[in-house]
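Residue-level structural notes
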Amino acid sequence: MPFSSVWVAALAGVLGAIAALRAEATWTPVLMTSNPGPQMFHPPPRSVLIACGIGGLCMAAAAIYFIPTNDARPLWATTLALAIFSLVVTPRDHVATAAQYDRPQQGPGLVPFCLLVVLICGLYVLILRPDADDAFYLNLPIGMVFSQGGMLTTDTMYGIDAWPVLGTNYKIEALPTLIAAIAWATGLPVVIVSHFVLPMIWCVVLAATLAVIGYGMFGRNWWVFAVLSVLASMIFAGTLQSWGVHGLTRLFHGKGPLILIVVPLIVFTVWRSDMFDVRPGRVIPMLAGLSCAALGLTANAVYIAPLALGLALGAGWVARSGREPRRLLVLSAALPVLAAGLWLLLFDKPVSVQVDGNLPPHEGLALWDMVAGKPNLLLLLLVAVIAAAAACFLRGGRWISAFVVMTLLFVINPWVWPAYDRFVTGGLNFRLWWAIPVPMMLAAFLTWGVVASGWTRAGVAIVCAALLLATMTPFGLIGTRDTSILPSMVKLPVNEQKVAAHVLAIATHEHPVLAAEPVAALLPGFEGSPPLVYSRRLYLDQSTPVVAPEQLRPRRILSNWVNGDEDADAIAVIEAMQTLCVDLVILSPPQTASAQMQVLNDISAASVAQIAGYHIYKIDLNCV
């Protein structure tokens with residue numbers, strides 16, 4: 001095979017499969033031995049109950065103050081104070097522990113599990129939420145297959161030799177290599193492999209993850225947790241950064257499996273190993289495998305996986321002190337990922353456009369990036385109140401409250417936010433939230449409530465109906481503007497896909513195509529894509545530190561003109577077209593205005609097609 005990295009990935013996959021079989025024999029009894037439900041609750045004293053109520057009211061007041069001011073410090077402080085109070089007033093024996101475990105006699109049934117798989121796969125296929133970043137993510141494996149070179153050696157989106165690449169940190173993730181290998185071996189288009197074949201596998205793995213976690217926490221009621229987890233992730237989906245958007249409907253990106261599968265498994269595994277006093281020799285290989293798997297899925301795991309592991313271990317230390325050396329040893333599971341992060345910090349720091357322009361450290365804490373509106377902020381506030389006060393109500397709640405304390409001290413902290421911004425995230429601090437399994441926490445709290453009510457089936461029906469309705473609001477996944485109910489295997493916008501198919505059929509592949517961004521962002525995801533003036537204007541902005549201004553200038557002029565964002569000078573537009581020797585122009589319906597038509601008339605552009613409202617023009621500038 002022309003690129004040897006695929007053989008390395010294959011060998012790693014074989015070793016990973018062997019490790020998975022070994023982990024199954026070791027970890028099935030630990031992960032799937034369920035806790036006795038009624039013993040999980042303990043009523044707090046009246047004084048503690050009143051104090052928790054006051055703390056909740058203070059958090060609500062802080063949230064009300066946050067809405068108009070965007071100052072998250074009072075909300076951060078009140079949440080931290082409530083969590084610390086819960087730990088102080090709760091004796092350490094209020095921790096769910098088990099001295100021994102046996103292989104469970106009965107796990108999740110095959111039929112319920114298959115129904116869960118069908119539910120998850122059906123939702124993935126049915127809900128369409130395209131992503132413009134496919135211009136980058138799909139073009140990576142396409143470049144590997146057709147250029148027969150290593151990943152990210154050159155940027156292949158524009159059809160230009162030696163165009164500088166952005167985000168070379170993506171070299172540390174293996175998912176594009178896996179996609180390229182499957183596409184090469186099967187002959188399937190990259191978009192089918194990336195958007196259908198692998199996501200179907202992730203759907204099955206997600207169902208297995210929910211079954212394992214649900215059975216380990218709720219026994220025969222595991223299905224309640226699993227169904228509520230699926231719906232809970234869909235509520236937080238009002239923006240392009242939240243758990244929901246990068247969750248079920250975006251399983252075609254590595255962020256989806258990271259957020260829905262790997263992070264919850266890391267946190268759950270640490271909790272269970274702490275609960276059963278598992279020896280480090282057994283837990284370290286599994287956590288190391290999860291961390292490395294996360295890094296293979298997405299480069300963001302270079303800090304997400306260690307943070308999730310560190311928060312979980314720190315929560316165990318706060319909730320149950322006395323085994324600090326063992327926990328430090330378990331932290332070594334993150335060493336391979338941390339080593340990759342250190343290499344990036346030393347040799348491939350984010351370019352300046354990625355680290356500039358962040359809000360002051362006390363503003364926002366990326367809350368609006370996660371919740372997108374007041375209803376979701378209220379829901380997140382309820383999760384925070386329950387989690388912070390969990391030590392007062394749940395026998396295993398000390399661990400949850402301790403997790404909140406660790407999170408607020410070391411991750412979601414306004415005073416350490418600038419350090420993350422500068423050295424870790426490259427100005428994308430909202431991604432720090434992905435280390436916190438909020439959908440899993442929400443589903444767990446709801447499941448505890450449903451099971452404790454004694455009306456399991458009726459409770460599940462009511463809660464599911466409420467969650468489903470919430471997802472249909474403008475702040476949920478289904479109700480957001482960019483989401484539609486439309487079965488799709490390729491997860492691409494329908495109209496733009498039709499236009500792209502026509503462009504692929506008529507483009508000369510000798511001169512670049514200038515298209516409105518919805519189409520320009522789609523073309524690099526197809527094999528045989530023609531050269532492009534640009535794919536996304538955001539990518540041009542990010543290229544500023546590494547591309548000469550004279551190379552970017554004509555592309556900026558044309559990208560602005562074709563999208564109708566500014567009234568560019570007609571002479572400058574024509575000169576830029578001649579410089580790049582543009583062959584085709586595709587205008588979206590709002591951009592067929594007088595400013596654009598004047599330029600097209602001046603150069604005698606010929607209309608060749610009109611598809612789904614898009615106008616395609618052929619131009620001949622007599623350039624070489």
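In this text the structure is predicted, and so the values were computed from the model without any measurement. What you see as residue numbers is a count from 1 along each chain, following the sequence as written. The model is predicted, so local features are restricted to residues of pLDDT at least 70 and side-chain atom pairs to those at 80 or more, both for listing and for counting; the totals for chains, interfaces and linings are taken over all residues. Only heavy atoms go into the side-chain values, all of them from the structure, while hydrogens and water stay out.

1. Some thoughts on helix H8 (residues 190-218)
For clarity, the threshold we go by: Secondary structure elements follow DSSP: runs of H or I of four or more residues count as helices, runs of E of two or more count as strands, with numbering from the N terminus. Here the expected length of a helix is defined as 1.5 Å per residue gap, with one fewer gap than residues. Throughout this description, buried means an accessible area under 20% of the type-specific maximum (1.4 Å probe, protein chains only), exposed means over 50%, and partly exposed covers the range between.
With 29 residues, H8 should reach 42 Å at 1.5 Å per residue; the first-to-last C-alpha distance of 40 Å fits that figure. Burial analysis of H8 places 23 of its 29 residues in the buried class, which makes it a mostly covered element.

2. Quick notes on the pairing of strand S5 (residues 606-611)
Filter applied, for reference: DSSP calls a pair of strands paired once it identifies at least 2 bridges connecting them.
With five bridges connecting them, S5 and strand S6 (residues 614-618) associate as antiparallel partners. By the bridge assignment for S6, Ala606 is matched with Lys618. Between S5 and S6, which follow one another and run antiparallel, lie two residues, and Ala612 among them has a positive phi close to 50°.

3. What about the pairing of strand S4 (residues 584-587)?
Both faces of S4 are covered, namely the face carrying Leu584 and Ile586 and the face carrying Val585 and Leu587. Pairing geometry for strand S3 (residues 513-515) and S4, over three bridges, is parallel. Looking across to S4, one finds that Val513 is bridged to Leu584. Both S4 and S6 contribute to a ladder of four bridges, which runs antiparallel. Pairing of Ile586 across the sheet is with Ile616, part of S6.

4. Section: the sheet that holds S5
In plain terms, the rule: In this analysis an axis means a line fitted to C-alpha atoms, helices contributing only their contacting stretch, and an angle means the value between N-to-C directions, from 0 to 180 degrees. Pairs of residues are marked as contacts when any of their non-hydrogen atoms sit within 4.5 Å.
The strand order S3-S4-S6-S5 describes an open sheet built from four strands, whose pairing is mixed. Among the strands making up the open sheet, the edge pair consists of S3 and S5. Averaged over all pairs of adjacent strands, the angle between their axes in this sheet comes to 15°, without regard to strand direction. Lying over the sheet, helix H26 (residues 549-562) contacts S3 and S4, oriented at roughly 45° with respect to S3.

5. Observations concerning unusual backbone geometry
Non-glycine residue His509 carries a positive phi angle of around 65°. Among the secondary structure elements, His509 is positioned in the loop between helix H23 (494-506) and S3.

6. Comments concerning the packing of aromatic side chains
Stated formally: Each Phe, Tyr or Trp ring (for Trp, its six-membered ring) is paired with any other whose centre lies within 6.5 Å, and the angle between the two planes then decides the class: stacked below 30 degrees, edge-to-face above 60, tilted in between. The criterion is that NZ of a Lys, or CZ of an Arg, lies within 6 Å of the ring centre and within 35 degrees of the ring normal, and then a charge sits over that ring.
Counted under the stated rule, the structure contains eleven aromatic pairs. Between Phe218 and Trp448, the aromatic rings sit 5.6 Å apart at their centres with planes inclined by 70°, giving edge-to-face as the arrangement. Highlighted residues: Phe218 in helix H8 and Trp448 in helix H21 (residues 438-453), separated in sequence by 230 residues. Phe218 sits in the buried class, given a relative accessible area of 9%. With a centroid separation of 5.4 Å and an interplanar angle of 75°, the aromatic rings of Phe236 and Trp243 are classed as edge-to-face. For Phe236, a relative accessible area of 0% corresponds to the buried category. Every member of this aromatic cluster is reached through a ring pair, and the members are Phe218, Phe225, Phe445 and Trp448. One cation-aromatic arrangement involves Arg536 over Tyr539; the distance from NZ or CZ to the ring centre is 5.5 Å.

7. Notes on the packing of H26 against helix H27 (residues 570-580)
Let me state the cut-off plainly: Angles are sorted into four bins: roughly parallel if under 35 degrees, roughly antiparallel if over 145, roughly perpendicular if 65 to 115, and oblique for all others. Helix crossings fall into two classes, left-handed where the near helix is turned counterclockwise from the far one by less than a right angle and right-handed where it is turned clockwise.
Running from N to C, H26 and H27 point in directions that differ by 120°, and their axes come no closer than 9 Å. If you check the angle between H26 and H27, you find them oblique. Between H26 and H27 lies a crossing whose hand is left-handed. In this structure, H26 uses Pro554, Arg555, Ile557, Leu558 and Trp561 to contact H27, whose residues at the interface are Ala572, Val573, Ala576, Met577 and Leu580.

8. Remarks on the pattern of salt bridges
Note on pairing: side chains with opposite charge can pair once their charged atoms come close. What counts, and what does not: Note on definitions: salt bridges are taken to be side-chain nitrogens of Lys or Arg within 4 Å of carboxyl oxygens of Asp or Glu.
Across all of its chains, the model carries nine salt bridges by this definition. A salt bridge links Arg481 to Asp482; its shortest N-O distance comes to 3.8 Å. Residue classification places Asp482 among the partly exposed positions, given a relative accessible area of 41%. A salt bridge links Lys618 to Asp583; the nearest nitrogen and oxygen atoms lie 2.6 Å apart. Remark: Asp583 occurs in the loop between H27 and S4 and Lys618 occurs in strand S6; sequence separation between them is 35 residues. Beyond isolated ion pairs, a larger network of salt bridges with shared partners links Asp133, Glu517, Arg536 and Arg537.

9. Some words on the side chain of Thr480
Applied cut-off: Throughout this description, a polar contact denotes any pair of N or O atoms lying within 3.5 Å of each other; where both atoms belong to protein, one of them has to be capable of donating a hydrogen while the other can accept it, and for residues adjacent in sequence the pair is counted only when both atoms sit in side chains.
Relative to the helices and strands, Thr480 is located in the loop between helix H22 (456-471) and strand S2 (484-485). The exposure class assigned to Thr480 is buried, which follows from its relative accessible area of 7%. At a separation of 2.5 Å, a polar atom in the side chain of Thr480 contacts the side chain of Arg129. Setting aside residues up to four positions removed in sequence, Thr480 forms contacts with Arg129, Ala237, Gly238, Thr473 and Pro474.

10. As for the environment of Leu87
Within the fold, Leu87 resides in helix H3 (residues 73-89). On the basis of relative accessible area, Leu87 is assigned to the buried category, the value being 10%. The spacing of Leu87 and Ser401 is 314 residues in sequence and 6.8 Å in space, taken between C-alpha atoms. With residues up to four places along the chain from it excluded, the contact list for Leu87 reads Val318, Ala391, Arg398, Ser401, Ala402 and Val405.

11. Digging into the nonpolar core
Rules: What makes a nonpolar core is a set of buried Ala, Val, Leu, Ile, Met, Phe, Trp, Tyr and Cys residues whose side-chain atoms join them at distances within 4.5 Å.
Ranked by internal contacts, the top residues of the largest apolar core, which has 212 residues, are Leu514, Met577, Val585 and Ile586. Considering each element in turn, this core owes the most residues, 17 residues, to H8. With residues up to four places along the chain from it excluded, the contact list for Ile586 reads Val499, Val503, Val513, Leu514, Ala515, Ala516, Val519, Val562, Tyr614, His615 and Ile616.

12. Section: the state of the cysteines
Using the following cut-off: By definition, disulfides here are pairs of cysteine sulfur atoms that lie within 2.5 Å.
Across all of its chains, the model carries zero disulfides by this definition. With no disulfide of its own, Cys121 lies closest to Cys203 among cysteine sulfurs, the gap being 4.1 Å. Cys121 sits in the buried class, given a relative accessible area of 15%.

13. Points about the environment of Phe136
Topologically, Phe136 is positioned in helix H5 (residues 134-137). Along the chain, Phe136 and Arg536 lie 400 residues apart, while their C-alpha atoms are 9.5 Å from each other.

14. Quick notes on helix H11 (residues 280-297)
For an α-helix, the turn length of 3.6 residues means that residues three or four places apart are oriented alike. Over its 18 residues, H11 runs 25 Å from end to end, which matches the ideal 26 Å to within 8%, given 1.5 Å per residue. The set of residues buried in H11 consists of Pro280, Val283, Ile284, Met286, Leu287, Ala288, Leu290, Ser291, Ala294, Leu295, Gly296 and Leu297.

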